[in-house]
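Structure assessment
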Amino acid sequence: MLKIDHLSTSYKTIDGDIHVINDLNFEIYDNEIFGIAGESGCGKTTLLKTLYDIVEFPLVIDQGKVILSGEKNGQPFSFESGEIRKTWWHNISYVPQAAQSVLNPIVRLKKQFLDSIPKEDRKNETEKQTLDRVSKYLEELSLSPDILESFPFQLSGGMRQRVIIALATFMGPRVVLADEPTTALDVVVQRGILMMLMRLQKQLKNTMVIVSHDMGVHYQITNRMAIMYSGSVIELGPTEDIFNDPIHPYTQMLVNALPRVGDKSAKVGIPGRPPALASPPPGCRFAPRCPKATDRCRKEVPEFREIRPGRFAACHLLNEEVQKNG
Ligand code: SF4
């Protein structure tokens, strides 16, 4: 499980701190595909990096922490921000954005696999024995072991992405973080990658966290999702519920703007733009674009809380409704 415990991060710049993530407080469970959605610049990638413990200056954790805990091979484990990197590959792995460029184009894939498997995990195996294990794993993922003899530049973008996912999951991590795993791929290849991620999650029964700006990706594969806006999670719940019955005004506008099969009505985007993270408005950051905004919204930051069982949101109107209904 990943517990995000009142987490706030900022970038330190000579012009002052830019608060990228503001007091996030939620949990990502075992055995689920969890989506993180939002417009570009809302803090999705920074959150993912913080979950993976790649927090390097000028990025700084101002408050809170991430706790990665669970059980692997019957052994319980628990790591906090600052220690999570000790368990990279074993219990948590990361498929970065533009992952295809992570592979060295002029080094054969078999060498890149061997280099990425920690020595202690190869025990007394010879290189051939380790490569046999890799080949078997690739076959399980419907990839030909012959690709191990290839150089990355010989493979298509989609195949390179599959290889990166195979590398990231070879050690059976309990959590896999993937940043925009289908960006820059055509629709058919995208579908293949999403199917591969779903199949892997079922096989490993682990947690996958998928960051994507594409709501279609979340609709297709995630079980629960969080919607981010300007550094905060403004709605969180089961994906199906969020698409069928969004409760936060921003999510409602986002979902209403999505094209649907058979719906010929004109779609309107959300007017205006998200605020600059360096100079956000006071109160609710969505207020300048929200048709329901009140004076209170422009002054007070809304609390992120459970509105209905399993449904969380940060909105004064929803909070007031909950208070009214006791
Ligand atoms: Fe709109 Fe106010 Fe809710 Fe923000 S708090 S989303 S401005 S109604």
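Structure first, text after, so check above.
What comes next is a walk through the structure. (Residues numbered from 1 in each chain as written. Predicted model: local features only at pLDDT ≥ 70, side-chain atom pairs only at ≥ 80, totals over all residues. Heavy atoms only, no water.)

Every residue lining the ligand is accounted for by H248, P249, C284, F286, A287, C290, K292, A293, C297, C315, H316 and L317. Residues belonging to the shell around the ligand are distributed by class as follows: nine nonpolar, two polar and one charged. (Near = heavy atom within 4 Å. Nonpolar A, V, L, I, M, F, W, Y, C, P; charged D, E, K, R; others polar.)

All right, on to helix α9 (residues 249–256) then. Note: α-helices contain 3.6 residues per turn, so residues at a spacing of three or four share the same orientation. Within the span of α9, buried status applies to P249, Y250, T251, L254 and V255. Check the buried side of α9 and you find it contacts α7 (215–221), β9 (224–229), β10 (232–238) and α8 (239–244). (Buried < 20%, exposed > 50% of the residue type's maximum accessible area, 1.4 Å probe, protein only. Helix = DSSP H or I, 4+ residues; strand = E, 2+ residues; numbered from the N terminus. Contact = heavy atoms within 4.5 Å.)

Turning next to the packing of helix α5 (residues 157–169) against helix α6 (residues 187–204). Following both chains from N to C, one finds α5 and α6 inclined at 15°, their axes separated by 10 Å at the closest point. Here α5 is positioned roughly parallel relative to α6, judged by the angle of their axes. α5 and α6 meet at a crossing whose hand is right-handed. On the side of α5, the interface is formed by G158, Q161, R162, I165, A166 and T169, while α6 contributes V189, G192, I193, M196, L197, L200 and L204. Of the residues in the contact of α5 with α6, the class split is eight nonpolar, four polar and one charged. (Axes fitted to C-alpha atoms, helices over the stretch in contact; angles between N-to-C directions. Parallel < 35°, antiparallel > 145°, perpendicular 65-115°, else oblique. Left-handed = near helix turned anticlockwise from the far one by under 90°.)

A few words on the sheet that holds strand β1 (residues 2–13). Strand order in the open sheet made by the four strands is β2-β1-β4-β5, with antiparallel pairing throughout. Two strands in the sheet have a free side with no partner beyond their single neighbour: β2 (16–28) and β5 (75–80). Geometrically, the sheet is characterised by an average inter-axis angle of 15° between neighbouring strands, direction not taken into account. Note: strand β4 (residues 59–72) against β5, six bridges, orientation antiparallel. Opposite G70, over in β5, you have F77 as the bridge partner. (Pairing = 2+ DSSP bridges.)

Attention shifts here to the nonpolar core. The biggest cluster of nonpolar side chains holds 37 residues, and the ones touching the most others in it are F113, L138, L200 and I210. When contributions to this core are tallied by element, the ones reaching two or more residues are α2 (109–116), α4 (127–140), α5, β7 (175–179), α6, β8 (207–211) and α7. Among residues more than four places away in sequence, those in contact with F113 are V134, L138, L148, V163, A166 and L167. Counting residues in each nonpolar core, the second largest holds 29 residues, with I36, L47, F79 and V211 among its members. (Core = buried A, V, L, I, M, F, W, Y, C linked by side-chain atoms within 4.5 Å.)

Topologically, T239 is positioned in helix α8. T239 has contacts with H218, Y219, T222, N223, R224 and M225, leaving out every residue within four places of it along the chain.

Nothing here speaks to function; it is all geometry.
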